[in-house]
Amino acid sequence: MIGQVNTLTLLDYPGKTAATVFISGCNFRCPFCYNGSLAEDRLPADEQHTVASVLAFLKARRGLLDGVCISGGEALLWDDLPAFIRSIKTMGYAVKLDTNGSFPKRLRTLLSEGILDYVAMDVKNDPMHYAETVGLATVDLATIQASMTLLKDSGLPFEFRTTVVKEFHTPDRLLSLARWIGPVQRYFLQSFKDEGDLLQVGLHSLSEKEMEACLTAVRTVCPRAERRG
């Protein structure tokens with residue numbers, strides 16, 4: 001299930017020097033996903049890693065790295081994720097989880113166990129346009145809502161973030177999304193970038209002016225919202 005490992009990142013875990021572990025497979029098919037091969041679990045065998053090899057690497061990097069970011073794909077699909085995180089925590093690392101928020105029961109288990117230090121949840125679009133944005137016919141929005149509520153009530157540092165794509169997002173849609181989220185402390189708009197492994201071609205980023213219009217709309221609800229990237 002471990003598809004790729006970024007051995008050093010200064011970006012994926014705010015304020016920490018970290019490694020990023022990417023878990024293969026995802027239940028969403030977001031057309032703008034920058035890790036299409038990972039999401040569809042079709043990485044070549046020579047790009048995959050074993051749990052043992054990743055844990056050995058992290059053991060060797062103790063004292064050099066502060067944390068580990070676990071991303072995807074969708075990491076909560078992996079049944080062995082809790083055990084993997086426990087092994088990382090025993091080495092003294094802080095752990096950040098990236099999730100699409102569609103598995104609130106599994107998220108609740110990790111939060112209850114106290115083995116997460118930070119969570120970043122991707123919120124894809126306003127409720128009316130959620131399914132098309134994640135490439136599915138339907139989405140159970142109750143699961144997304146449940147995960148948002150869990151994070152708000154957890155007392156744990158967390159962020160919500162939205163990748164903004166010209167074909168899917170407008171200021172009005174993002175305003176509707178912000179109202180659904182509510183006035184949280186950390187909400188980021190991220191500009192879409194075509195990095196060549198997309199699930200759909202022909203998508204575009206917004207101009208600087210368009211991104212600023214989106215941020216202005218969002219800030220009417222989330223005054224502390226920021227742009228990233």
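Further up the page is the structure itself.
Just so we're clear, the structure is a prediction, and the values are computed from it rather than from any experiment.

Topic: a nonpolar patch on the surface
A cluster of nonpolar side chains, contributed by L8, L10 and L11, occupies part of the molecular surface with about 370 Å² of accessible area. Judged by relative accessible area, L11 falls into the exposed class, the value being 76%.

Comments concerning the packing of helix α4 (residues 104-113) against helix α6 (residues 141-154)
Contact geometry for α4 and α6: axes closest at 9 Å, N-to-C directions at 15°. Taken together, the axes of α4 and α6 lie roughly parallel to each other. The two elements α4 and α6 meet at a crossing, and its hand is right-handed. Every residue of α6 that contacts α4 at P104, L107, R108 and L111 is listed here: T143, A146, S147, L150, L151 and S154. Taken together, the residues of the contact of α4 with α6 sort by class into six nonpolar, three polar and one charged.

Concerning the nonpolar core
I70, L81, F84, L116, F160 and Y187 are the most contacted members of the largest nonpolar core, which totals 70 residues. Looking at which element gives the most residues to this core, the answer is helix α7 (residues 171-181), with six residues.

With respect to the sheet that holds strand β2 (residues 18-23)
Within the open sheet, the eight strands sit side by side as β1-β2-β3-β4-β5-β6-β7-β8. Their pairing is mixed. A single partner strand is all that each edge strand has here, and the edge strands are β1 (2-9) and β8 (226-228). Here the strands of the sheet are splayed against their neighbours by 25° on average, with no regard to which way each runs. The pairing of β1 with β2 spans five bridges and is antiparallel. The residue bridging V5 from the neighbouring strand is V21, located in β2.

Some words on helix α3 (residues 81-90)
Taken together, the buried positions of α3 are occupied by L81, P82, F84, I85 and I88. The buried residues of α3 occupy an angular sector of 160° when projected down its axis, which confines them to one face. In the segment just after α3, G92 is the residue with positive phi, at about 95°.

Looking at α6
Under the 1.5 Å per step criterion, the end-to-end length of α6 is 20 Å for 14 residues, consistent within 8% with the ideal 20 Å. The set of residues buried in α6 consists of T143, I144, S147, M148, L150 and L151. Relative to the axis of α6, the buried residues are bounded by an arc of 160° and lie together on one face. For α6, the exposed residues lying more than 90 degrees away from the buried face are A142 and D153.

Details of the pattern of salt bridges
Applying the stated criterion across every chain yields a total of twelve salt bridges. Notably, a salt bridge pairs K89 with D117, separated by 2.7 Å at the nearest N-O pair. Taken together, the residues span a long stretch of sequence, with K89 in helix α3 and D117 in the loop between α4 and β5 (118-122) at a distance of 28 residues. With a relative accessible area of 26%, K89 lands in the partly exposed category. Assessed through its relative accessible area of 27%, D117 is described here as partly exposed. Put simply, E159 and R161 hold a salt bridge, and the shortest N to O gap is 4.0 Å. Residues E159 and R161 agree in their burial class; the two are buried. Here the residues in one salt-bridge network are K96, D98, D122, E159, R161 and R228, joined through shared partners.

A short note on unusual backbone geometry
Leaving glycine aside, a negative phi is the common case for residues, and trans is the common case for peptide bonds. In this model, G72 is joined to G73 through a cis peptide bond whose omega is 10°. Mapped onto the elements of the fold, G73 is located in the loop between β3 (67-71) and α3.

Comments concerning the packing of aromatic side chains
The final tally for this structure, using the stated rule, is five aromatic pairs. A ring pair is formed by Y13 and Y118, whose centres lie 6.1 Å apart and whose planes are at 45°; its orientation type is tilted. With Y13 in the loop between β1 and β2 and Y118 in strand β5, this residue pair connects regions lying 105 residues apart in the sequence. Under the relative-accessibility criterion, Y118 is labelled buried at 8%. Over the ring of Y13 we find K16; its NZ or CZ atom is 5.8 Å from the centre of that ring.

Quick notes on the rules
- Residues numbered from 1 in each chain as written.
- Predicted model: local features only at pLDDT ≥ 70, side-chain atom pairs only at ≥ 80, totals over all residues.
- Heavy atoms only, no water.
- Patch = residues over 30% accessible without salt bridge, like charges linked within 9 Å, V, L, I, M, F, W, Y side chains within 5 Å.
- Areas by Shrake-Rupley, 256 points an atom, 1.4 Å probe, with all protein chains shown as cover.
- Salt bridge = Lys/Arg side-chain N within 4 Å of Asp/Glu carboxyl O.
- Buried < 20%, exposed > 50% of the residue type's maximum accessible area, 1.4 Å probe, protein only.
- Axes fitted to C-alpha atoms, helices over the stretch in contact; angles between N-to-C directions.
- Helix = DSSP H or I, 4+ residues; strand = E, 2+ residues; numbered from the N terminus.
- Parallel < 35°, antiparallel > 145°, perpendicular 65-115°, else oblique.
- Left-handed = near helix turned anticlockwise from the far one by under 90°.
- Contact = heavy atoms within 4.5 Å.
- Nonpolar A, V, L, I, M, F, W, Y, C, P; charged D, E, K, R; others polar.
- Core = buried A, V, L, I, M, F, W, Y, C linked by side-chain atoms within 4.5 Å.
- Pairing = 2+ DSSP bridges.
- Arc of directions from axis to C-beta.
- Expected span 1.5 Å × (residues − 1).
- Phe/Tyr/Trp six-rings, centres within 6.5 Å; stacked < 30°, edge-to-face > 60°.
- Lys NZ or Arg CZ within 6 Å of the ring centre and 35° of its normal.

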